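Listed here are the chains, written in short residue letters.
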Amino acid sequence: MHLFVDSLTNVDFSYLHHSRGIVGETWLANAALDGALDHQGMVCDFGIVKKTLRNWLDSELDHRLLVPIHARNLTLTEKGQQIELIWELDSGETIRVSGPSQAFALVAAESITPESTATWSVQQLDGIFPTSVDQLSLNFSAEIIDTPYYHYSHGLKKHDGNCQRIAHGHRSRIRIDLDGERSSALEAMWARRWKDIYLGTREDLIKQDENTLHFAYRARQGDFTLSIPTHCCELLECDTTVEQLAQYIAEELAAAHPGSDVRVRAYEGIGKGAVACARR
């Protein structure tokens, strides 16, 4: 018997890519189970399936930095509960990240793809369901977006939850209205500006070299650091909550279009976000 759960949940995270750097991403998760019927006439109770998989995905993938540990351009060091890594880009530049081990997902793969992550996840979940389940399958896919969108990564040191991790992110759509009319041109412009971007808060910047920005902070989960090429980052004076990002975009656009009413609907992953308005 084949059991399936479509659109089980979605996960927001970042991952390391050999040319794009740190990429913010959002995937939808779908699951399927094969097995014999138990005494209830079920392969497995849907309530158990959904709760078990959602809890695991929320705990092990969501708001983490996914690291392909078999990649040739990775140097990784584990010191107790702390992880330090160096990621060499195709350009020869490097990204350095450190933080508590719970902020990373060490995926046994050469690169992070929906397929490689699904394979690794199933391996990690082996034996988690009753014996009536013979096989578990997972499938990850990106939301279909027919309007401009961007990938951003960030960290929120003041957050009480997992958003405090210095390198997690989202794949997000955006809507911009200028004087009550939707502007696809402004949406496309902002999507280009924040393509594969790291959004850093100036308060967390501890050093700036000619070509590199160095961030560090202490949050409730521990100490975090990130060094990233300057061109991969946009430095903001505010924290990078979606509320403040929406306001930041609105104010930037209002300054560029004086006398116009600007309304920004900024998403944070799928189906959630903030709306901000500005006028100069």
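Predicted, not measured: the structure shown is a model, and the values here were computed from it.

Cut-offs applied
Residues numbered from 1 in each chain as written. Predicted model: local features only at pLDDT ≥ 70, side-chain atom pairs only at ≥ 80, totals over all residues. Heavy atoms only, no water. Buried < 20%, exposed > 50% of the residue type's maximum accessible area, 1.4 Å probe, protein only. Helix = DSSP H or I, 4+ residues; strand = E, 2+ residues; numbered from the N terminus. Pairing = 2+ DSSP bridges. Salt bridge = Lys/Arg side-chain N within 4 Å of Asp/Glu carboxyl O. Phe/Tyr/Trp six-rings, centres within 6.5 Å; stacked < 30°, edge-to-face > 60°. Lys NZ or Arg CZ within 6 Å of the ring centre and 35° of its normal. Axes fitted to C-alpha atoms, helices over the stretch in contact; angles between N-to-C directions. Parallel < 35°, antiparallel > 145°, perpendicular 65-115°, else oblique. Left-handed = near helix turned anticlockwise from the far one by under 90°. Contact = heavy atoms within 4.5 Å. Nonpolar A, V, L, I, M, F, W, Y, C, P; charged D, E, K, R; others polar. Polar contact = N/O pair within 3.5 Å; in protein donor to acceptor, adjacent residues only side chain to side chain.

A. Here's a closer look at the pairing of strand 10 (residues 168-178). Summarising burial for strand 10: nine of the eleven residues are buried, a large majority. The pairing of strand 9 (residues 149-154) with strand 10 spans six bridges and is classified as antiparallel. Across the sheet, the residue bridging to His151 is Arg171, located in strand 10. Bridge analysis of strand 10 against strand 11 (residues 181-182) gives two bridges, and the strand direction is antiparallel. Within strand 11, the position partnered with Leu178 by the bridge is Glu181. Here strand 10 hands over to strand 11 after two residues, with Asp179 in that stretch at a positive phi of 55°.

B. Highlighting the pattern of salt bridges. Evaluated as defined, the whole model comprises 18 salt bridges. Among the salt bridges present, the one from Asp160 reaches Arg220, with a minimum N-O distance of 3.4 Å. You can see Asp160 sitting in the loop between strand 9 and strand 10 and its partner Arg220 sitting in the loop between strand 14 (212-219) and strand 15 (222-229), a full 60 residues away along the chain. According to the relative accessible area criterion, Arg220 is exposed, its value standing at 67%. Residue Glu252 is joined to Arg193 by a salt bridge in which the shortest nitrogen-to-oxygen separation is 3.2 Å. Taken as a pair, Glu252 in helix 4 (residues 242-256) and Arg193 in helix 3 (residues 184-193) lie far apart in primary sequence, 59 residues in all. On the basis of relative accessibility, which here comes to 33%, the residue Glu252 falls in the partly exposed class. Each of the salt bridges in this network shares a partner with another, and the network as a whole consists of Lys157, Glu203 and Asp204.

C. Inspection of the packing of aromatic side chains at higher detail. Under the defined criterion, the tally for this structure stands at eleven aromatic pairs. Aromatic pair Phe13 and Trp27: ring centres 4.8 Å apart, planes at 70°, arrangement edge-to-face. Of this pair, Phe13 sits in strand 1 (residues 2-17) while Trp27 sits in strand 2 (residues 21-35), and the two are 14 residues apart along the sequence. In this structure, Phe13 and Trp27 share a single accessibility class: buried. Between the aromatic rings of Tyr150 and Tyr152, the centroid separation amounts to 5.9 Å while the plane-to-plane angle is 50°, which identifies the pairing as tilted. Exposure remark for Tyr152: the relative accessible area of 0% places this residue in the buried category. An aromatic cluster is built from Tyr150, Tyr152, Trp190, Trp194 and Tyr248, whose rings are joined through pairwise contacts. Here Arg171 stacks its cationic end above the ring of Tyr149, 4.2 Å away from the centre of that ring. Between Arg173 and the ring centre of Tyr267, over which it is positioned, the NZ or CZ distance is 5.7 Å.

D. Broad picture of the packing of helix 3 against helix 4. The geometry of helix 3 relative to helix 4 is characterised by a closest axis approach of 13 Å and an angle of 120° between their N-to-C directions. Classified by the interaxial angle, the pair formed by helix 3 and helix 4 is oblique. Both helix 3 and helix 4 take part in a crossing whose hand is right-handed. Residues Leu186, Met189, Trp190 and Arg193 of helix 3 form the contact with helix 4, whose own contacting residues are Tyr248, Ile249, Glu252 and Leu253. Classifying every residue of the contact of helix 3 with helix 4 by side-chain character gives six nonpolar, no polar and two charged.

E. Local environment of the side chain of Thr240. Looking at the element boundaries, Thr240 is found in the loop between strand 16 (233-236) and helix 4. Classification of Thr240 by relative accessible area gives buried; the value is 0%. Among the polar contacts made by the side chain of Thr240, one reaches the side chain of His154 at a distance of 2.9 Å.

F. Main features of the sheet that holds strand 6 (residues 94-100). One open sheet holds the six strands; their spatial order is 4-5-6-15-14-13, and the pairing between them is antiparallel. Strand pairing shows two members of the sheet lacking a second neighbour, strand 4 (74-79) and strand 13 (205-208), which therefore form its edges. The sheet shows a mean angle of 10° between the axes of neighbouring strands, taken without regard to direction. In the sheet, strand 4 pairs with strand 5 (residues 82-88) via six bridges, with the strands oriented antiparallel. For Leu76, the partnering residue across the bridge sits in strand 5 and is Leu85.

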